[in-house]
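# Observations on chain architecture
One-letter residues, chain by chain:
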Amino acid sequence: PYRPTASAMSKSHSVLDEIEKDDEEEDVGEMNEREKLTKEVKKMIEKSGKKIKTLAEHKAEVQQKKELQKSEAQSRREAEERINRAQAERTVRKWEKNFTSEDNAADDGLKVCYCKHCGQYSMILDVAISTLPIRKSDGSRVVNEKKHVCRRNMVEGQAKLVKRKKGLERQYRFSCKQCGLFLCYRSVPHDQPGKYTYIVKDALTDNPGDLKTTPVMNS
């Protein structure tokens, strides 16, 4: 078998030593280049007057901005709710002062609406039901409470989930005080201000001639 001579082994070791030496020099050179680049970047940042942020500081700043945005959004929502509540309270006070009965409403040119089933006085509007826009999904009449007087004389019913083409819809319902007929609904809870009231198709009428019974005029 072949056995390397002492001179061959010596040459092999010298070659390996040179390779390791070259690798060490390259590593030192790369380190020096990185250190040089880092120093140059630091000098540029110092000249600009900007502070170098650590990763932890950057994350903390991002989190603080998110919390601030949430707080501002919450404040806007609360302000809108306060405005809506104040407007609703003013409207209720106005109704209580001027429209405490269906007789006063009729004298002021408002529309008294009756339950079509039993004739119970159920709502006061400042516009004829027939002129209100129709909702395509169920044919109900839409009352914009921001634009029209809409006083309900009804019983607050349960919240129901109704299936629509685009998904489920939550309805907060109102029923007739006398016969319990489902008359209208809203998309927000009964005790909260909302924009729309939806009058169920053929549930109310503002024309006493449409009634089969004598109108019930108690509130």
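Here, residues in each chain are numbered from 1, in the same order as that chain's written sequence. Since the coordinates come from a predicted model, pLDDT governs what is reported: local features require at least 70, and pairs of side-chain atoms require 80 or more to be given and counted, while whole-chain, interface and lining totals use all residues. Only hydrogens and water are set aside when side-chain values are computed; all heavy atoms of the structure are taken into account.

### What about the environment of D206?
By secondary structure assignment, the location of D206 is in the segment after β9 (204–205). Expressed as a C-alpha distance, the spacing of D206 and L110, which sit 96 residues apart in the sequence, is 9.8 Å. We define a polar contact as two N or O atoms separated by no more than 3.5 Å, with the added condition that, inside protein, one atom must be a possible hydrogen donor and the other a possible acceptor, whereas residues neighbouring each other in sequence contribute only through side-chain atom pairs. Within the local environment of D206, its side chain forms a polar contact with the backbone nitrogen of I129, the two atoms lying 2.9 Å apart. The numbering of helices and of strands both runs from the N terminus, where a helix is a DSSP run of H or I of at least 4 residues and a strand a run of E of at least 2.

### Concerning the pairing of strand β2 (residues 121–125)
Counting buried residues along β2, 5 of its 5 residues qualify, which places the element largely inside the surrounding structure. Strands were regarded as paired on the criterion that DSSP finds at least two bridges between them. Bridge count between strand β1 (residues 111–115) and β2: 4 bridges; the pairing is antiparallel. In the strand pairing of β2, V112 is matched with I124. Linking β1 to β2, which pair antiparallel, is a turn of 5 residues; within it G119 sits at a positive phi near 85°. Three labels apply to residues, based on accessible area from a 1.4 Å probe with only protein chains included: buried if under 20% of the type maximum, exposed if over 50%, partly exposed otherwise in between.

### A look at the packing of aromatic side chains
Stacked, tilted and edge-to-face pairs are distinguished by plane angle, under 30 degrees for stacked and over 60 for edge-to-face with tilted covering the rest, among Phe, Tyr and Trp rings (Trp via its six-membered ring) whose centres lie within 6.5 Å. One pass over the structure, following the stated rule, counts 3 aromatic pairs. Taken together, a centroid distance of 6.2 Å and an interplanar angle of 35° make the contact between F182 and Y185 tilted. We classify F182 as partly exposed; its relative accessible area is 24%. Take Y185: its relative accessible area is 3%, and that puts it in the buried class.

### Quick look at the layout of surface pockets
Reported here for the second largest pocket is a volume of approximately 250 Å³. Detection works on a 1 Å grid of protein atoms alone, calling trapped sets that fit a 1.4 Å probe cavities and calling open sets with protein on both sides within 12 Å along at least five of seven lines pockets, with lining residues defined by an atom within 4 Å of a point. Lining the second largest pocket are 16 residues, and of these I129, S130, R141, D202 and L204 sit closest to its centre. Residues that form the lining of the second largest pocket fall into these classes: 7 nonpolar, 3 polar and 6 charged. Grid points are joined across faces, edges and corners, and a volume is the space filled by probe spheres set on the points. As a working rule, the residues Ala, Val, Leu, Ile, Met, Phe, Trp, Tyr, Cys and Pro are called nonpolar, Asp, Glu, Lys and Arg charged, and the rest polar, with Gly in that last group.

### Some remarks on the nonpolar core
We define a nonpolar core as any set of buried Ala, Val, Leu, Ile, Met, Phe, Trp, Tyr and Cys residues linked to one another through side-chain atoms lying within 4.5 Å. If you look at the biggest cluster of nonpolar residues, it comprises 18 residues, and the most contacted ones within it are M123, L125, M154, L183, I199 and L204. Those elements that place two or more of their residues in this core are β1, β2 and β7 (182–186). Every residue pair with non-hydrogen atoms within 4.5 Å of one another is taken to be in contact. Apart from the residues lying within four places of it in its own chain, the contact partners of L183 are C115, S122, M154, F174, S175, C176, Y198, I199, V200, A203 and L204. Judged by nonpolar contacts, the second largest core, of 6 residues, contains V112, Y121, I124 and L211.

### What about the sheet that holds β2?
The 4 strands are arranged β4-β2-β1-β9 in an open sheet whose pairing can be described as antiparallel. The open sheet has two free edges, formed respectively by β4 (150–152) and β9, since each of these has just one partner strand.

### Brief notes about the side chain of S140
With respect to the helices and strands, S140 occurs in the loop between β2 and β3 (141–144). A residue is classified by how much of its surface remains accessible, and S140, at 1% relative accessible area, is buried. A polar atom in the side chain of S140 sits 3.5 Å from the side chain of Y185. Those residues in contact with S140 that lie beyond four places of it in its chain are P133, I134, R135, Y185, Y198, I199, V200 and K201.

### With respect to a positive patch on the surface
Residues qualify for a patch when their relative accessible area is over 30% and they have no salt bridge, like charges being joined within 9 Å and the nonpolar side chains of Val, Leu, Ile, Met, Phe, Trp and Tyr within 5 Å. Note on areas: Shrake-Rupley with a 1.4 Å probe; residue coverage comes only from the protein chains shown. Salt bridges are defined by distance alone: a side-chain nitrogen of Lys or Arg within 4 Å of a carboxyl oxygen of Asp or Glu. Residues scored as charged are limited to Lys and Arg (positive) and Asp and Glu (negative), so that His and the chain ends carry no count. Lysine's charge is taken at NZ, arginine's at CZ, aspartate's at CG and glutamate's at CD. A contiguous patch of positive charge on the surface is contributed by K39, K42, K43 and K47. Within the secondary structure, K42 is located in helix α1 (residues 6–48).

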